[in-house]
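Chain by chain, the residues:
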Amino acid sequence: VGDPWRVDTDVGPVIDADAYAKISAHIRANRIIHQASSSDSTENLIIPTLIEVNGIEDLKEEVFGPVLHVATFNASDLDRVIEKINASGYGLTFGLHTRLDDRVQHVVDRLQVGNIYVNRNQIGAVVESQPFGGEGLSGTGPKAGGYHYLPRLRRYRHREQTQPPSHARVGERRLNSIIKRLTEKPFVRLRASMPMPEFVQTTPGPTGEGNTLSLHPRGAALCLGPDTNTLLAQAECALACGCPAVLFGGNDKQIRHQLETWESKGLPIAFVKGLPTERALTEGKGFQVLAYAGDDQTMQFLRNALAARSGSILRFTSEPWEPMAYLVERHVCTDTTAAGGNTKLMTGTE
């Protein structure tokens, strides 16, 4: 610990005096379990410190310094811990060390995190092997180096002057009620009439490492069309990805007929005659995707409304058919040589 000009230094100073003061205050405000020692007088040097906390809820922001936080919990409280992690709103990387395969699967199935590392370190994601990116407040798009990254760099050429129909506005209370009702229904995924991405893929990696990329429903989607064909395409895409869909539009017989067909199959879908108010878009709860493929003016209004929301950034898509807008990518990287060895490696079999 000390001057970074010395070749034997592992931990140097933090970036500036403000960071030093902030981290030092954080250390003093918590119970110190252990602190390294150093006689070095380098400016802005934070000594590596181990701190005890009640849980992740004690951390309101990331601490950019050599500070390790430790929280203990009973095994029976694991689901409660996972819920608190998800409630933080952040979901970039997560590390787990265990010898129990069932516990690995239990955690992976419930965590809302982009990259999960099992029995290995949490740094050094390799493009192709471990596509990198989070969700919630830790990521807004596809994983860097992943199979779905390149299409996001394109610009969809939407039709100009395609104004949505003028109807009554739907407030946030009604919208919240509709979404709550849809998300409480047992979900049945629609078989799409157009190509869909693979929901589970094994990515390459070195011997002794397992890498799996999976796709999961992002959440309820608001489909605004603006025309009938676009609206139905957006709804079909959402339902095929496992997302409840709320359709906004006029009194169209084709939409009504298709809606009845989907509802008869138990699909979580609802139709609203009208358009959401600005407040419904900025304060409404329960939806994660907004789809609109019309004119620039309306599109800008919708983007601004979503940008004004607090919390996680919601996904906006301007394409009639874009499956990845309704899905989140999660990657699990496992050191298969840990926990006593890998029988497949020892026997040379698949």
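Up top is the structure.
Since the structure is predicted, the reported quantities are computational estimates derived from the model, not experimental observations.

A.B. asks: Just checking my understanding: could you explain the layout of surface pockets for this structure?
C.D. replies: Rolled over the atoms, a probe with the dimensions of a water molecule shows which regions are left empty. Computed from the structure, the largest pocket encloses a volume of approximately 1,900 Å³. Ile56, Leu59, His69, Thr93 and Phe94 are the residues nearest the centre of the largest pocket, which is lined by 41 residues in total. For the lining of the largest pocket, the secondary structure elements donating two or more residues are strand S3 (67–70), helix H2 (78–87), strand S4 (90–91), strand S5 (93–96) and helix H3 (101–110). Top element by residues in the lining of the largest pocket is H2. It accounts for seven residues. The residue inventory of the lining of the largest pocket, partitioned by class, reads 22 nonpolar, eleven polar and eight charged.

A.B. asks: Where do I start with the pattern of salt bridges in this structure?
C.D. replies: Between side chains of opposite charge, pairing is possible as soon as their charged atoms come close. This structure, assessed with the given rule, holds 14 salt bridges. Between Arg279 and Glu172 there is a salt bridge; the shortest N-O distance is 3.0 Å. Highlighted residues: Arg279 in helix H7 (residues 278–283) and Glu172 in helix H4 (residues 172–183), separated in sequence by 107 residues. One network of salt bridges, in which partners are shared, links Arg6, Asp8 and Asp40.

A.B. asks: Help me understand helix H8 (residues 296–307) in this model?
C.D. replies: Every α-helix carries 3.6 residues per turn, so stepping three or four residues along brings you back to the same face. Here H8 is twelve residues long and its end C-alpha atoms lie 16 Å apart, about the 16 Å a rise of 1.5 Å per residue gives. The inward-facing, buried residues of H8 contact H7, strand S15 (287–291) and strand S16 (315–317). Here H8 starts with a cap whose side-chain oxygen sits 3.2 Å from the backbone nitrogen of Gln297, and that cap is Asp295.

A.B. asks: In this structure, what is going on with the sheet that holds strand S11 (residues 220–223)? I would like to understand it.
C.D. replies: What links the strands of a sheet is backbone hydrogen bonding, and the strands pair in either a parallel or an antiparallel sense. Spatial ordering of the open sheet is given by S13-S12-S11-S15-S16, a layout of five strands whose pairing is parallel. Strand pairing shows two members of the sheet lacking a second neighbour, strand S13 (269–273) and S16, which therefore form its edges. Averaged over all pairs of adjacent strands, the angle between strand axes in this sheet comes to 20°, irrespective of strand direction. As defined by bridge partners, strand S12 (residues 245–249) adjoins S13 across five bridges and the pair is classed as parallel. If you follow Gly249 over to S13, its bridge partner there is Lys273. Seen against the sheet, H4 touches S11, S12, S13 and S15 and runs at an angle of roughly 160° to S13. Its contacts with the sheet put helix H6 (residues 253–264) on S12 and S13, and the angle it makes with S13 is roughly 155°.

Definitions and limits used
Within each chain, residue numbers correspond to sequence positions counted from 1 in written order. Side-chain atom pairs in this predicted model are given and counted only at pLDDT of 80 or more, local residue features only at pLDDT of at least 70, and totals for whole chains, interfaces and linings cover all residues. Note that water and hydrogens are dropped before the side-chain values are worked out from all heavy atoms of the structure. Put simply, the grid is 1 Å and covers the protein atoms alone, a cavity is a trapped set of points that fit a 1.4 Å probe, a pocket is an open set with protein on both sides within 12 Å along at least five of seven lines, and lining residues have an atom within 4 Å of a point. Grid points are joined across faces, edges and corners, and a volume is the space filled by probe spheres set on the points. Working definition: helices are DSSP H or I runs of at least four residues, strands are E runs of at least two. Numbering for both runs from the N terminus. Here the term charged refers only to Asp, Glu, Lys and Arg, the term nonpolar to Ala, Val, Leu, Ile, Met, Phe, Trp, Tyr, Cys and Pro, and the term polar to all other amino acids, Gly among them. Here, a salt bridge means any side-chain nitrogen of Lys or Arg that lies within 4 Å of a carboxyl oxygen of Asp or Glu. In this analysis, the expected span of each helix is defined as 1.5 Å times one less than the number of residues it contains. Whether two residues touch is decided by their heavy atoms; if any such pair falls within 4.5 Å, the residues are in contact. For this analysis, a polar contact is any N or O atom pair within 3.5 Å, provided that within protein one partner can donate a hydrogen and the other can accept it, and provided that sequence-adjacent residues contribute only side-chain to side-chain pairs. Pairing between two strands requires that DSSP report at least two bridges joining them. To obtain each axis, a line is fitted to C-alpha atoms, and for helices this fit is confined to the stretch in contact; angles are then taken between N-to-C directions over 0 to 180 degrees.

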